[in-house]
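If you want the building blocks of each chain, they are given just below.
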Amino acid sequence: MKLNERSLAFYATCDSPADNSGFLYKRGERHTAYHRRWFVLKGNMLFYFEERESREPVGVIVLEGCNVELCDSAEDFAFAIRFGGTKSRTYVLAAESQAAMESWVKSLSRASFDYMRLVVRELEKQLEEMRWGRGSRESPGSWMPKQCPERLPALPAILPKENGCAVWNNALGVGQPPDTSGCGGNDDEGTPQPPPLPPRRRVLNGEAAVESPSTFCQLHERYSREVARLRQDWLEKQRGPRP
């Protein structure tokens, strides 16, 4: 992995908030002596400085593909950052107290993107369960609003015209009770009928006027009842079966 030293030094010392910071004792790679260093954790990068006021970090540890665990050491409150692979280095650190050690182990264990990916997946799963409820019989994403069965209306041989435009022929539906299902009904012979026409409008003095307001009111009342019924069915399914 290639890292830009200037960018890392700027990121380590900029004003962005750190996930954790404090003094730790770091064991040398060749010598087993411990050196007190100032550590700063930002995202998945652990920077360490010679002093707290240092302007540039001495080194950085990228916390990906590693495990943070307690270890036996001459120093108290010691823990290790172990990477996979036979030639990978193991970083041994020691805190100044039990509380500091627990805080660092927790922060370092949650710093990798792999951990954040698992957290996001778990939160998405919990969100789906909250949306659809654990007792719902239908799985998330399977619910679909009720739709009327697809029916192809029978067209007459010659379509009547009004104002030069072809319209539905509703002469067969005269005298029949209104269909409250919101779909076109069938006549006595089983022939599917088209849905009722909306109220016709005519233009008076440049303004459109409804020719039969009573018809519009009936349509509005009919479809509002259908919407209310569908909404009630959906709410009952969300509640689940009654005990």
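So, here's what we can say about the structure. (Residues numbered from 1 in each chain as written. Predicted model: local features only at pLDDT ≥ 70, side-chain atom pairs only at ≥ 80, totals over all residues. Heavy atoms only, no water.)

## Some details on the overall build of the chain
Here is step 1 of the chain: Within the chain, the secondary structure is distributed over four helices and eleven strands.
Here is step 2 of the chain: Looking at the chain residue by residue over its 243 residues, the buried ones come to 22%.
Here is step 3 of the chain: In the chain, of all internal contacts separated by at least 6 residues, the share reaching a separation of at least 24 is 41%.
Here is step 4 of the chain: Of the accessible surface of the chain, which amounts to about 18,300 Å², a share of 51% is contributed by carbon and sulfur atoms. (Helix = DSSP H or I, 4+ residues; strand = E, 2+ residues; numbered from the N terminus. Buried < 20%, exposed > 50% of the residue type's maximum accessible area, 1.4 Å probe, protein only. Contact = heavy atoms within 4.5 Å. Areas by Shrake-Rupley, 256 points an atom, 1.4 Å probe, with all protein chains shown as cover.)

## Observations regarding the packing of aromatic side chains
Here is step 1 of the chain: Evaluated as defined, the whole model comprises four aromatic pairs.
Here is step 2 of the chain: Here Y11 and F47 contribute two aromatic rings whose centre-to-centre distance is 6.0 Å and whose plane-to-plane angle is 65°, an arrangement assigned as edge-to-face. Taken together, the residues span a long stretch of sequence, with Y11 in helix α1 (residues 5–13) and F47 in strand β3 (residues 45–49) at a distance of 36 residues.
Here is step 3 of the chain: A residue is classified by how much of its surface remains accessible, and F47, at 0% relative accessible area, is buried.
Here is step 4 of the chain: Centroid distance F23 to W38: 4.8 Å. Interplanar angle 70°. Geometry classified as edge-to-face. Residue F23 is located in strand β1 (residues 20–27), and its partner W38 is located in strand β2 (residues 34–42); the two are separated by 15 residues in the primary sequence.
Here is step 5 of the chain: If you follow R36 out to its NZ or CZ, it ends over the ring of F23, 3.8 Å from the centre.
Here is step 6 of the chain: Positioned above the aromatic ring of Y11, the side-chain terminus of K42 is 5.4 Å from the ring centre. (Phe/Tyr/Trp six-rings, centres within 6.5 Å; stacked < 30°, edge-to-face > 60°. Lys NZ or Arg CZ within 6 Å of the ring centre and 35° of its normal.)

## Digging into the sheet that holds strand β7 (residues 91–94)
Here is step 1 of the chain: Reading across from one edge, β4-β3-β2-β1-β7-β6-β5 is the order of the seven strands in this open sheet, with antiparallel pairing throughout. Unpaired on one side and paired on the other, β4 (59–62) and β5 (66–70) mark the two borders of the sheet. Direction aside, neighbouring strands of the sheet carry axes that sit 35° apart on average.
Here is step 2 of the chain: One ladder, built from four bridges, connects β3 with β4; its direction is antiparallel. From the neighbouring strand, L46 faces β4, where its bridge partner is I61. (Pairing = 2+ DSSP bridges. Axes fitted to C-alpha atoms, helices over the stretch in contact; angles between N-to-C directions.)

## So, helix α2 (residues 98–109)
Here is step 1 of the chain: With twelve residues, α2 extends 17 Å from end C-alpha to end C-alpha; this agrees with the ideal 16 Å at 1.5 Å per step.
Here is step 2 of the chain: For α2, the complete set of buried residues consists of M101, W104, V105, S107 and L108. Taken down its axis, α2 places every buried residue within 170° of arc, on the same side.
Here is step 3 of the chain: Taken together, the buried residues of α2 touch β1, β2, β3, β5 and β6 (78–83).
Here is step 4 of the chain: Taking the backbone nitrogen of A100 as reference, a side-chain oxygen 3.2 Å away marks S97 as the first, capping residue of α2. (Expected span 1.5 Å × (residues − 1). Arc of directions from axis to C-beta. Polar contact = N/O pair within 3.5 Å; in protein donor to acceptor, adjacent residues only side chain to side chain.)

## Remarks on the pairing of β6
Here is step 1 of the chain: Of the strand pairs in this sheet, β5 and β6 are connected by five bridges, and their pairing is antiparallel. What sits directly across from V68, in β6, is I81.
Here is step 2 of the chain: Looking at chain direction, β6 and β7 are connected through four bridges and run antiparallel. Within β7, the position partnered with F79 by the bridge is L93.

## As for the nonpolar core
Here is step 1 of the chain: L46, L63, F79, I81, W104 and L108 are the most contacted members of the largest nonpolar core, which totals 19 residues.
Here is step 2 of the chain: At the level of secondary structure, the elements contributing two or more residues to this core comprise β2, β3, β5, β6, β7 and α2.
Here is step 3 of the chain: The dominant element in this core, judged by the number of residues it contributes, is α2, at four residues.
Here is step 4 of the chain: If sequence neighbours within four positions are ignored, I81 has contacts with L46, L63, C66, N67, V68, R89, T90, Y91, L93 and L108.
Here is step 5 of the chain: Among the nonpolar cores identified, the runner-up in size contains seven residues, and L8, W38, V40 and F49 belong to it. (Core = buried A, V, L, I, M, F, W, Y, C linked by side-chain atoms within 4.5 Å.)

## As for the side chain of N44
Here is step 1 of the chain: The topology assignment puts N44 in the loop between β2 and β3.
Here is step 2 of the chain: Of the residues examined, N44 reaches a relative accessible area of 12% and is grouped as buried.
Here is step 3 of the chain: Excluding anything up to four places from it in sequence, N44 contacts I61, V62, L63, E64, A111, S112 and F113.

All quantities given are derived from atomic positions and should not be read as evidence of function.
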